[in-house]
Amino acid sequence: MPSTIVAPDRPLAKYLSVWSVASAVACAAIVATSPARAQDAAAEAPAAPAASASTSASSEAPAGGSGGGAATAEQPKKIHEVIAAADPLVQEFNEHLTVLASPWMEGRLPGTRGMERAMQYMEDQFARTGLEPGFQPSDGGPKTYRQPFPLGSSREVKLESIALKCGDQEAALTAGTDFKFSSLGRDGNASGEIAFVGYGIEDGPDGYTSFAEGHSLEGKIALVLRFEPMDANGKSRWSGGDGWSGRAGFQGKLSAVARRKPAAILVVNTPGADDPRISSLGTGGGGRAIADVPVFMVSTEAGERLVNACGDGRSLMDLRRIADEPPADAPRSFDLAGSRVNLSVEVEERSVIAENIIGVLPGRGALAKEVIVIGGHLDHLGMGDFGSREGPGKLHPGADDNASGSAGVILLGDLLRKDYERLDPATPLRTIVFIGFSAEESGLNGSRYYAQNPIYPIRDTVLMMNFDMIGRILNNRLSVTAAGGKGIEEWAQTFYPSSGLTVVPRGGGGGGSDHASFLAVGVPILFAIIADFHDDYHTSRDVTGLIDREASVLAVRLWHQLALDMAQRAERFEAESTGGPMRPQPMRVRVGLRTRAADDGSGLEVVDVTAGGSADKAGIKQGDKIVKWNKKDMPDRNAFVEDLRTHEGGAVVQAVVMRGEEELTIYVTLDGSN
Ligand SMILES: [Zn+2]
């Protein structure tokens, strides 16, 4: 196989500029930032091939004492010489990896330019290797490699304004600095008198309520304070510690106010609150509309101006004090008499369409109707926009997660297409569908969509093979889960000894990646992932320079052998159970949480946290609501317990947690149960 780096006839030529930028980045990462780690990884690997790109690359580092025996006397090789001398499959893997994890791909967040480039790259590679486009558009047009699916919507504010007229004072607030439309409400126009409703809390402790009896909000502009009653230091009177109680959240207060039918709601950042968020007009979190009327966040300063202009002489702080300790002899909510506010907001809703990239290698003969799916997710976290362990703002290249698996899928398409060409035309072969899934990181969206809208019937899909993080393999240890079919583990195990890897079999369903979507519809699965977790997971440090290319290619070769055998094997695996839970596994981890399902099925409320347990150490607190665990929705405790059974001590699980109004992504390292 010619090297893809030098061959001029490859479609890849158009990525040449990417390649040079990306290689420079990769080399810089190896040499400048982490020679020791790259070297360690390679040095510890048993039987590392002499032309190991990572070993030799690290020997370029100034302190590079090579462990390569004969190589010690030689001049260290240049990086391009190392690459050129490597196994062609390693070269090709390196190229795909480096391109996909390059800054050009901008972290491959669905709906962005970078993800578009990554998808183009993958479909070009599928086309180059001779895979057929897999998706038939409903308009009858030609087949394409792209299977579109809806991924929620984004809202763009086209216009927003707030103007007030109180007595002889007229003023307009400035969008962006004084106020901002919140997606917790709807678009529209409204005009009316201002009604102050304290914190908008209906049922506080000891009979606390923000609403005066008989005070109507109908058709008015409700002015609500953010958070909840606070003391002189701006700290909650109710939470009994740092932070706010559950009553401070938007959900409760906005529903309570909206039920009283105001024309619009202004949420003012409460003066003096001990919370950095009062200097922001953001509301964090998912942003599903709670109220059916326009909702605006208003700055403390603009709120003060509004109250000064339209009130009876009391300041915003005076109003806050009324809300903190409602007087027994005066109303706790009231109109700012004679005030008038006009506001309007126009929002354009744009649905986000994500796409899975699908290439098909047609089978033949009696087995052609049956299908093997080989996939991995192409998407990642962009600039850390969500799911990042560092927060937003830095490029998250996702070299291990999952440029490595995507590169593997591309190689497998090429290898197996050549096998099919070479094999006797009389040999019956199953059809193989190669997929680069989108929107895995936000909750297995692409694979779930495919499992529900497959291009071939799911009942004919005999195996799904998933690659998710095959790059940062340490000491040649790869974790493989084989599940969902009778005898699948025994079959898969026969391939492990000759793989050159130390395969660590893992029980259960293998946790939260795209294979879970297939397991859920009764398809047997194989799932490969690095056996040893690293701290760079879901950070900007998941870079190309730390990938052990040789070991990744061993994983590709193992998958190749398994797929080729499965393609020809007479029998398919009998499904282990039909859609039901997996064979019960013993519980091997302790999370240190007591939870109960939220009434509306939206998640698990944390009732109790064991001090010093896994959840406690990760920062989960009593009163939090776990809305996603291991990328899965958590409608009830069974879903939680079932997922826990799939883990072993040391596993790191991503949890999405609502704390009051805030959505947090928390990583929990699970303690083993003994
Ligand atoms: Zn991943």
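Everything numeric here is computed off the predicted structure, so don't read it as measured data.

Notes on the overall build of the protein
Looking only at helices and strands, the protein has 16 helices and 23 strands in total. Counting all 674 residues of the protein, 48% fall into the buried class. Taking the contacts inside the protein whose residues are at least 6 apart along the sequence as the reference set, 78% of them involve residues at least 24 apart.

A word on the environment of Phe386
Structurally, the position occupied by Phe386 is in the loop between β10 (371–377) and α10 (399–422). In this structure Phe386 touches Leu381, Ser442 and Thr665, once residues within four positions along its chain are discounted.

Overview of the confidence of the model for the protein
Residues at a pLDDT of 70 or more form 86% of the protein, whose mean pLDDT is 86. Scored below 50 in pLDDT, residues 1–71 makes 111 contacts in the model with residues more than four places away or belonging to other chains. For the stretch residues 578–582, pLDDT sits under 50, and the model shows seven contacts to residues farther than four places along the chain or on other chains.

Some points on the environment of Ile458
Tracing the chain through its elements places Ile458 in the loop between α11 (445–452) and β12 (461–467). In the structure, Ile458 is positioned 88 residues away from Glu370 in sequence and 9.4 Å away in space, judged by C-alpha atoms. Residue contacts for Ile458: discarding those within four places in its chain leaves Ala451, Val521 and Val523.

A closer look at the packing of helix α6 (residues 113–129) against α10
Between α6 and α10, the shortest axis-to-axis distance is 9 Å and the interhelical angle comes to 15°. Classed by the angle they form, the pair α6 and α10 counts as roughly parallel. Every pair of crossing elements has a handedness; the one defined by α6 and α10 is right-handed. Across the interface between the two elements, Met122, Gln125, Phe126 and Thr129 from α6 touch Ser406, Ile410, Gly413, Asp414 and Arg417 from α10. When its residues are assigned to classes, the contact of α6 with α10 shows three nonpolar, four polar and two charged.

Overview of the nonpolar core
Core analysis: the largest hydrophobic core is formed by 93 residues, its most contacted members being Ile372, Leu526, Ala528, Ala555, Trp559 and Ala563. Considering every element that reaches this core, the biggest residue donor is helix α14 (residues 549–568), with eleven residues. If we skip the residues at most four places from it in the chain, Trp559 touches Gly408, Leu412, Met465, Phe467 and Ala528. Formed by 55 residues, the second largest nonpolar core is a distinct cluster that contains Tyr199, Tyr208, Ala222 and Val298.

Conventions adopted
Here the residue index of a chain counts from 1 through its sequence in written order. With the structure being a predicted model, the display of local features is reserved for residues of pLDDT at least 70 and the display and counting of side-chain atom pairs for 80 or more, all residues being used for whole-chain, interface and lining totals. Secondary structure follows DSSP: runs of H or I at least 4 residues long count as helices, runs of E at least 2 residues long count as strands, and numbering of each begins at the N terminus. We call a residue exposed when 12 or fewer other C-beta atoms sit within 10 Å of its C-beta, buried when the count reaches 20 or more, and partly exposed for counts in between; the C-beta positions come from the backbone. Residues are scored as being in contact if the C-beta atoms we place from backbone atoms lie within 7 Å. Values of pLDDT, which run from 0 to 100, indicate the predictor's confidence residue by residue. Fitted lines through C-alpha atoms give the axes, limited to the stretch in contact for helices. The angle between two N-to-C directions lies from 0 to 180 degrees. Just so you know how the angles are binned, under 35 degrees is roughly parallel, over 145 roughly antiparallel, 65 to 115 roughly perpendicular, and the rest oblique. We call a crossing left-handed when the near helix sits turned anticlockwise from the far one by less than a right angle, and right-handed when that turn is clockwise. Polar here means any residue outside two lists: the nonpolar Ala, Val, Leu, Ile, Met, Phe, Trp, Tyr, Cys and Pro, and the charged Asp, Glu, Lys and Arg; Gly therefore counts as polar. Under the definition applied here, buried Ala, Val, Leu, Ile, Met, Phe, Trp, Tyr and Cys residues are grouped into a nonpolar core through C-beta atoms within 7 Å.

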